[in-house]
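Remarks on the overall topology
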Amino acid sequence: MDRKARWMLPDGVDELLPPEAAQAEALRRRLLDLFDSWGYELIMPPFIEYLEALLTGTGRDLDVQTFKVTDQLSGRTLGVRPDITPQAARIDAHQLRREGITRLCYIGSTLQARAEGPAGSRNAVQLGAELYGHAGVESDLEVISLMLATLRAAGVEQLHLDVGHVGIFEALLEDLGLGPAAEEALLDALQRKAGDEIAVVLAEAGVETAQAERLSALVGLHGGVEVLERAQTVLGWAGPAVAEALEQLRVVADSLARREPELPLHLDLGELRGYRYHTGLVFAAYTPGYGQELARGGRYDGIGRAFGRPRPATGYSADLKALLNLGGGVAGSAGGGVLAPWGDDPALHARVAELRAAGERVVWQLPGDEQDNHGCDRRLVERNGTWELDTE
């Protein structure tokens, strides 16, 4: 093996070096303070755990993203977490077991077998917030608002919000009797807005004309709030589940228009992001010049059922490193510091300790190190037996 290649990182795996690592830590602290100000409690789940617990309630999509290893102690299969959300659900349902509403937040490393998108990282530092125990659209709105506040706290100001509802597709699909292959083909075609392919799949499956027309209509039901009026005309008589989903979308759109009048809002009734995982409203935030979503989330009710305690749930997640890159470094530290000459003078050591206790960055200048100021903009110098600060 080439010596240089020996030190290369795997594709899609990256690391943070100075000063980006310090900026990432400053952003992490800022966001944790933000979560706390909204009443979200911090959790720190393990990086690895038994596979069956890690994948509970998440569907097969997460399975293929999970690195698997054998535990040398128990012989059981362990999984390296590709997503912290299922761990948060396990903690809510199995560990905390609280009654009523629980708000949890987290920031931690994840590892995925494949990157999501060409610019995606396989070792994202995932941040997120989850709200359990409330089934109303109000909790979805709270989480959407927190997601937007998170992105702005990271320095991303130009935001666009996409909102959909997987319950519409689920309701239209019910009782059609499609086999797994036909359902998968329909999902894929709908995500690509391929109307002709949808028609072929439904025709081959023998779906009645009226039902096929409603499913095919989802391709064009996207745009501003006016899309809800068109949807009411096309889908309004499809059943109570569709009517309820449309009403939830209307409530969200009306509320965001009052709270965020300058925020561009795009509704997409054919959006099936996380279809096998989410159960209701889904949403994602975008910014110009970035080819994929900055943050995404949605409702995933009942995920705790496998732990014996099904709970309503909604939440969102994002990658701290992506936010850091897009935020323009606004979360970084101010820089600078104090360069202290190496020595054993007790007064010097007392002064260094005093400065560090006051929050200053103080770097010892070791013997022979005459050229590098280590990013310091001031220097400790001795004058008349006292150690004073001089500007570099």
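Below is a summary of the structure that appears in this document. Note that the structure is a prediction, hence the values are computed from the model and not measured.

Calculation notes
- All residue numbers refer to position in the chain's written sequence, counted from 1.
- Selection of residues for local features in this predicted model requires a pLDDT of at least 70, selection of side-chain atom pairs for listing and counting requires 80 or more, and totals for whole chains, interfaces and linings are taken over all residues.
- Excluding hydrogens and water, the side-chain values take into account all heavy atoms of the structure.
- For salt bridges, the criterion is a side-chain nitrogen of Lys or Arg within 4 Å of an Asp or Glu carboxyl oxygen.
- Put simply, DSSP H or I for four residues or longer makes a helix, DSSP E for two residues or longer makes a strand, and each gets a number counted from the N terminus.
- Working definition: with a 1.4 Å probe on protein chains only, accessible area under 20% of the residue-type maximum means buried, over 50% means exposed, and in between means partly exposed.
- Each helix should span, by expectation, one fewer than its residue count multiplied by 1.5 Å.
- Throughout, a residue-residue contact means that at least one pair of heavy atoms, one from each residue, lies within 4.5 Å.
- Fitted lines through C-alpha atoms serve as axes, helices being fitted only where they are in contact, and the angles separating the N-to-C directions of these axes extend from 0 to 180 degrees.
- To sort the angles, those under 35 degrees are grouped as roughly parallel, those over 145 as roughly antiparallel, those from 65 to 115 as roughly perpendicular, and the leftovers as oblique.
- Lys, Arg, Asp and Glu make up the charged group, whereas Ala, Val, Leu, Ile, Met, Phe, Trp, Tyr, Cys and Pro make up the nonpolar group; the residues left over, Gly among them, are polar.

What follows concerns the pattern of salt bridges. Any two side chains of opposite charge can pair, on the condition that their charged atoms come close. Tallying each qualifying case throughout the model produces 23 salt bridges. Here Arg309 ties to Glu99 by a salt bridge, and the two come within 3.8 Å at their closest N and O atoms. Here the residue Arg309 occupies a position in the loop between β11 (295-299) and β12 (313-319), and Glu99 occupies one in the loop between α5 (85-96) and β5 (102-109), the gap between them amounting to 210 residues. On the accessibility criterion, Arg309 (10% relative accessible area) is buried. The partner of Glu142 in a salt bridge is Arg103, with the nearest N and O atoms 2.8 Å apart. With Glu142 in helix α6 (residues 137-153) and Arg103 in strand β5, this pair connects stretches of sequence that are 39 residues apart. On the basis of relative accessibility, which here comes to 18%, the residue Glu142 falls in the buried class. Taken together, the salt bridges that share partners define one network made up of Glu25, Arg28 and Arg29.

A separate point is helix α12 (residues 240-259). With 20 residues, α12 should reach 28 Å at 1.5 Å per residue; the first-to-last C-alpha distance of 28 Å fits that figure. Taken together, the buried positions of α12 are Val242, Ala245, Leu246, Gln248, Leu249, Val252, Ala253, Ser255 and Leu256. Elements that come into contact with the buried residues of α12 comprise α6, β7 (160-165), α7 (166-173), α11 (227-235), β9 (265-268) and β10 (281-286).

Our focus in this paragraph is the packing of α7 against α12. Remark: α7 packs on α12, axes separated minimally by 9 Å, with the N-to-C direction vectors making an angle of 170°. If you check the angle between α7 and α12, you find them roughly antiparallel. On the side of α7, the interface is formed by Ile168, Ala171 and Leu172, while α12 contributes Ala241, Val242, Ala245, Leu246 and Leu249. Residue composition of the contact of α7 with α12, grouped by class: 8 nonpolar, no polar and no charged.

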